[in-house]
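# What the coordinates show
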Amino acid sequence: MLQAAGWGGYLVLRTVSSISNTFSFKAVIAVLVEAIVGYCLTLLLSALYGYYRRLPRITGIVVTLATLAAATAIYAVIDAFTFSFKNAAPGITLNLVLGTVFLNFVVLAGWSALYFGINFYLIVEEQNTQLRLLETQASTAQLAMLRYQLNPHFLFNTLNSISTLVLLRETERANAMLARLSNFLRYTLANEPTAHVTLAQEIDTLKLYLEIEKMRFDERLRPVFDIDPRAVKARLPSLLLQPLVENAIKYAVTPQEEGAEIAVSARLAGDRVRVVVADTGPGLTRGPRRPNLSTGVGHANIRERLLQAFGPDHRFETRTNPGGGFRVEIEIPFQIEEPKREAA
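First, a word on what this report is: a plain description of the structure on this page. (Residues numbered from 1 in each chain as written. Predicted model: local features only at pLDDT ≥ 70, side-chain atom pairs only at ≥ 80, totals over all residues. Heavy atoms only, no water.)

### Considering the packing of helix α7 (residues 199-217) against helix α8 (residues 242-253)
- Put simply, α7 and α8 touch, their axes get as near as 10 Å, and they point 25 degrees apart. Overall, the two elements α7 and α8 adopt an arrangement that is roughly parallel. When you trace α7 past α8, the crossing you get is right-handed. Along its contact with α7, which presents Glu202, Leu206, Tyr209, Leu210, Glu213 and Phe217, the element α8 presents Gln242, Val245, Glu246, Ile249 and Val253.
- Looking at the contact of α7 with α8, its residues break down into seven nonpolar, one polar and three charged. (Axes fitted to C-alpha atoms, helices over the stretch in contact; angles between N-to-C directions. Helix = DSSP H or I, 4+ residues; strand = E, 2+ residues; numbered from the N terminus. Parallel < 35°, antiparallel > 145°, perpendicular 65-115°, else oblique. Left-handed = near helix turned anticlockwise from the far one by under 90°. Contact = heavy atoms within 4.5 Å. Nonpolar A, V, L, I, M, F, W, Y, C, P; charged D, E, K, R; others polar.)

### Observations concerning the layout of surface pockets
- Taken as a whole, the largest pocket spans an internal volume of roughly 390 Å³.
- As for the largest pocket, its lining consists of 15 residues, of which Leu2, Gln3, Trp111, Leu114 and Ile118 are closest to the centre.
- Listing elements by their share of the lining of the largest pocket, those giving two or more residues are α1 (2-18), α2 (25-52) and α4 (94-148).
- Here the lining of the largest pocket gets eight residues from one element, more than from any other, and that element is α4. (1 Å grid on protein atoms, 1.4 Å probe; cavity = no way out; pocket = protein on both sides within 12 Å on 5 of 7 lines; lining within 4 Å. Points joined across faces, edges and corners; volume = space filled by probe spheres on them.)

### Observations regarding the packing of aromatic side chains
- Applying the stated criterion across every chain, the model contains eight aromatic pairs.
- When the ring of tryptophan 7 is compared with that of tyrosine 10, the centres are 5.1 Å apart and the planes differ by 80 degrees; the resulting orientation is edge-to-face. With tryptophan 7 and tyrosine 10 both in helix α1, this residue pair falls three residues apart, about one helical turn. The same class applies to tryptophan 7 as to tyrosine 10, namely buried.
- Here the aromatic rings of tyrosine 115 and phenylalanine 116 are separated by 5.2 Å at their centres, their planes lie at 90 degrees, and the arrangement is edge-to-face. (Phe/Tyr/Trp six-rings, centres within 6.5 Å; stacked < 30°, edge-to-face > 60°. Buried < 20%, exposed > 50% of the residue type's maximum accessible area, 1.4 Å probe, protein only.)

Here it is as structure tokens:
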């Protein structure tokens, strides 16, 4: 298409230039032949240049220049012979050939420059597309890695609790915990590790998890949910809140005989969603430090998943409540559609 458009435009310009003073049928035929020959030559050049681009750089440059010189000579000879028919004695003379060399060289050299320029642009665009695809695949793989870090630790803690119940011969509670663990895993494994789920789905997952932990702590674990109905459709990375609740169980419920309350709240504020996981435990001042989540993957895991999902457009803060206890705040954009990602 570019060839046809380019040589078509060249034919029009040369025709207008040739007949600008006096109309000559022979001049029009000569320009038409010139355009057809140029079109055929450049088709051949495009095939040769395509092969030369696979050669080593220096070799490719040398053979390209040699081919351009040969094509210019052929074009000049044919062009000179064609235009000689305008005269009374058709034929080729050295002066006529030399007179057409410059114009033919400019045309073919310009065409060659366009050819390599367009192909360079296409190569750069293809490389940029591949780079973006690789970046997306790397991001997806990293998200999957961060997400998969959670499951082994959670399974270890839960299976350890089941083992304890079996040793204590509390088989009914152990069976109930196994059933709830099965429901939890079926629910979580149904989602892709890089998928975003709605806040409502994430809360349902938390409730399944807390049913398992309730088997261990009974009334010592007191979960409270305060979810704004307007925020339930907001999307966030799956299993983002579960390790925060698990962390609260370890540092707030476990060390206190009376247990603790774990409050999960979500509010919609404009185009932002604020999610808070707070507990009534000893906090940071009187209790042990909380450098990591109980799963061992650390707050860095949550921060990294938020960064991968939302870039810098998020907020993650931890602090001790003034009245005691620990508090984690997450603020993310209000999104109701699954972010589009390329398949890894």
